[in-house]
Amino acid sequence: MNNIHSPSNLLQYKRENVITEYSGQDYPVKVLQIGEGNFLRGFFDWMIHECNKQGNFQGSIVVTQPRSSGKAMIEKLAQQDGLYTLLIRGLQNGEKIEHKEIISVFSRVLNPYEEWQAFLEIACSPTLEFIVSNTTEAGLSYQAYTWKEGEPIASFPGKLTAFLYKRYTHFNGDQTKGLVILPCELLDRNGDLLKQYVLQHSKDWRLPSDFMDWVERDNLFLNSLVDRIVTGYPKKESESLFVEWGYKDLLLNTAEPYHFWAIEGDPELDQKLPLKKSGLNIEWVQDLTPYQVRKVRILNGSHTFIAPLGILYGIDTVGEWMCQVETHRFLRETVEQEIIPSLEFDRKEMMNYAENVFERFMNPFVQHRLEDISLNSISKFKVRLLPTIEAFYEKNHGLPDNVVRAFAALIRFYQIEKVKQNYVGKRFNGEPYFVQEHEQTLSFICEQWSLYKKKELSLQNLIEQFLGNQLFWGKDLNQIEGLSSSIYNHLKEMI
Ligand SMILES: NC(=O)c1ccc[n+]([C@@H]2O[C@H](COP(=O)([O-])OP(=O)(O)OC[C@H]3O[C@@H](n4cnc5c(N)ncnc54)[C@H](O)[C@@H]3O)[C@@H](O)[C@H]2O)c1
Ligand SMILES: O=P(O)(O)OC[C@@H](O)[C@@H](O)[C@H](O)[C@H](O)CO
């Protein structure tokens, strides 16, 4: 090891320890990765590294960034020769796990905005089999665009269309040269969505109908659901970790031990992408829906349940919420008595899943900030918690009181004022917090609260306005019997 007081860089470290550290960077390119962010590096790339180590995949990855502003990260990766450290820490079955590994799967790091032709040339590689992406929900979207030959395309689906067209023309429409495409964005039926956007661009650009047939027939766009909490660079501890390890890594990434990937596809695909064979927690499934519903309603639903409430009560992270007896109990009660009973799945299975989620939330190494989770809370409430209210009502002709309390907290959370360019709310102790949402949503809510302050709107009317906003909910929630009055009772207490 190097002098403990002056850690060297990762490359130097790697050269000096070449015998002990495994490398999969020399394998032929099998994957194009669109997205250089924390999540893919803590999830997919780690999985491929595992598969390679076991001799099951024998492929490397070309990684590219999906937007021009992502350049800094890709440059850092290039400086480190595509290497980075992943630190996996947390609890698994009650036991503490801490494992560090240098991930070596990238054979090439490419900026498509500066090396557009080189990016397209990757499409001509005969060994290429997969495309994987994570560009956030914002990146997996359709933006009409006039494609000019030779110029890089900004959007992810646009880029992918150009890439596939290059492959199609290079191999003269060879039916065996289609690719398996695995978008990891957390959107319902992400594969179907991406295919739809690629076909839309193909139509816009008047690409040959034979190409569109090739896209549909010979390429597989798989729907999938990813699950792992990846928390990125640990700013507070990085320096002490570097001293301990004897090297610095600008791309150090952290993740929990838990990982799960449900992919809607033929289990035979595991021959090509041997994730399950390599012992990873993967399911090739016929129907993704139950996995999606379970995760969104229990895991993400719990996050959305505790975010506004926690922030209002002065709690900053998921871990802090879980450490306090009362808040912990309140979440458990909600999941066990309100969320799970509103699902049409086996209760025992759901309870096991929830137990596992609680253990993940209690991971002492993960600092998951409630303010980060609270981003776009209204659209998240609609998908993650409103279905619990509706299903619970259907079954019991009553309302799930804790989730209704969280709904009241959501309205209180949006009791905000515009200060310069920011929307600011106040916790119960008077401390400020920032709210991030679509501008249109924020200005509507701000206006309602300002009318209330001027006594031009009663609290009951404010709630009715909130529940009746079609843009938020796609329907009028005042129709749910008793909802507005139950929210009123909770909200009255909170303001
Ligand atoms: N971090 C996690 O624990 C976790 C777990 C599961 C799913 N996710 C999903 O991953 C996403 C966040 O990814 P991350 O944690 O790697 O964050 P990150 O900031 O490290 O990476 C985000 C990636 O998305 C790209 N991107 C951002 N906005 C874009 C846009 N408008 N168009 C194209 N590309 C864009 C960035 O360039 C980068 O490659 C979220 O959407 C989240 O739902 C994250
Ligand atoms: O990423 P978001 O903001 O959509 O949601 C916040 C968390 O609920 C989410 O990141 C989970 O931690 C993740 O989905 C776990 O797989």
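Residues numbered from 1 in each chain as written. Chains lettered and ligands numbered in written order. Predicted model: local features only at pLDDT ≥ 70, side-chain atom pairs only at ≥ 80, totals over all residues. Heavy atoms only, no water.

As annotated in an unreviewed UniProt entry, the chain is Altronate oxidoreductase from Heyndrickxia camelliae. A UniProt comment under Catalytic activity (unreviewed entry) is attached to the chain, and it reads "D-mannitol 1-phosphate + NAD(+) = beta-D-fructose 6-phosphate + NADH + H(+)". (UniProt positions renumbered as here; feature names shortened; annotations may be inferred.)

### Brief notes about the site of ligand 2
Lining the immediate environment of ligand 2, one finds L186, D227, R228, I229, K295, L299, N300, H303, H368, K380 and R384. If ligand 2 stood free it would expose 400 Å²; the protein chains cover 81% of that surface. At the level of elements, α11 (289–312) and α16 (377–384) are the ones that each hand at least two residues to the shell around ligand 2. Top element by residues in the shell around ligand 2 is α11. It accounts for four residues. By residue class, the composition of the shell around ligand 2 is three nonpolar, three polar and five charged. When residues of the shell around ligand 2 are assigned to domains, at least three fall in each of domain 1 (8–285) and domain 2 (289–494). (Near = heavy atom within 4 Å. Areas by Shrake-Rupley, 256 points an atom, 1.4 Å probe, with all protein chains shown as cover. Helix = DSSP H or I, 4+ residues; strand = E, 2+ residues; numbered from the N terminus. Nonpolar A, V, L, I, M, F, W, Y, C, P; charged D, E, K, R; others polar. Domains from an automatic or database assignment.)

### With respect to helix α7 (residues 156–170)
With 15 residues, α7 should reach 21 Å at 1.5 Å per residue; the first-to-last C-alpha distance of 21 Å fits that figure. Of all 15 residues making up α7, eleven are buried, and the element is well covered by its neighbours. Buried residues of α7: F156, P157, G158, K159, L160, T161, A162, F163, L164, R167 and Y168, and no others. Between the side-chain oxygen at the start of α7 and the backbone nitrogen of G158 there is a gap of 3.0 Å, and the oxygen is on S155. (Expected span 1.5 Å × (residues − 1). Buried < 20%, exposed > 50% of the residue type's maximum accessible area, 1.4 Å probe, protein only. Polar contact = N/O pair within 3.5 Å; in protein donor to acceptor, adjacent residues only side chain to side chain.)

### Overview of the sheet that holds strand β17 (residues 432–435)
Taken in spatial order, the three strands of this open sheet run β15-β16-β17, and their pairing is antiparallel. Taken across any chain shown, the strands that pair with only one partner, and hence form the sheet edges, are β15 (416–419) and β17. Pairwise comparison of adjacent strand axes, ignoring direction, gives a mean angle of 40° for this sheet. Here four bridges tie strand β16 (residues 422–426) to β17, and the two strands are oriented antiparallel to one another. By the bridge assignment for β17, V424 is matched with F434. The sheet strands contacting helix α19 (residues 439–453) are β15, β16 and β17, and the helix crosses β15 at an angle near 115°. (Pairing = 2+ DSSP bridges. Axes fitted to C-alpha atoms, helices over the stretch in contact; angles between N-to-C directions. Contact = heavy atoms within 4.5 Å.)

### A short note on the pairing of strand β4 (residues 84–92)
Most of β4 is tucked away, with seven of its nine residues classed as buried. Alignment of β4 against strand β5 (residues 95–103), held across nine bridges, turns out to be antiparallel. Considered in β5, the bridge of L86 is made with E101. Where β4 and strand β12 (residues 253–255) come together, three bridges link them in parallel fashion. Its bridge partner being in β12, L86 is matched across the sheet by N253.

### Examining the sheet that holds strand β13 (residues 260–264)
If you trace the three strands from one edge of the open sheet to the other, you get β10-β13-β14, paired in mixed fashion. Both edges of this open sheet fall to β10 (224–227) and β14 (282–285), since each of them pairs with a single strand only. For this sheet, the mean inter-axis angle between neighbouring strands, taken without regard to orientation, is 10°. Alignment of β10 against β13, held across four bridges, turns out to be antiparallel. Across the sheet, the residue bridging to V226 is W261, located in β13.

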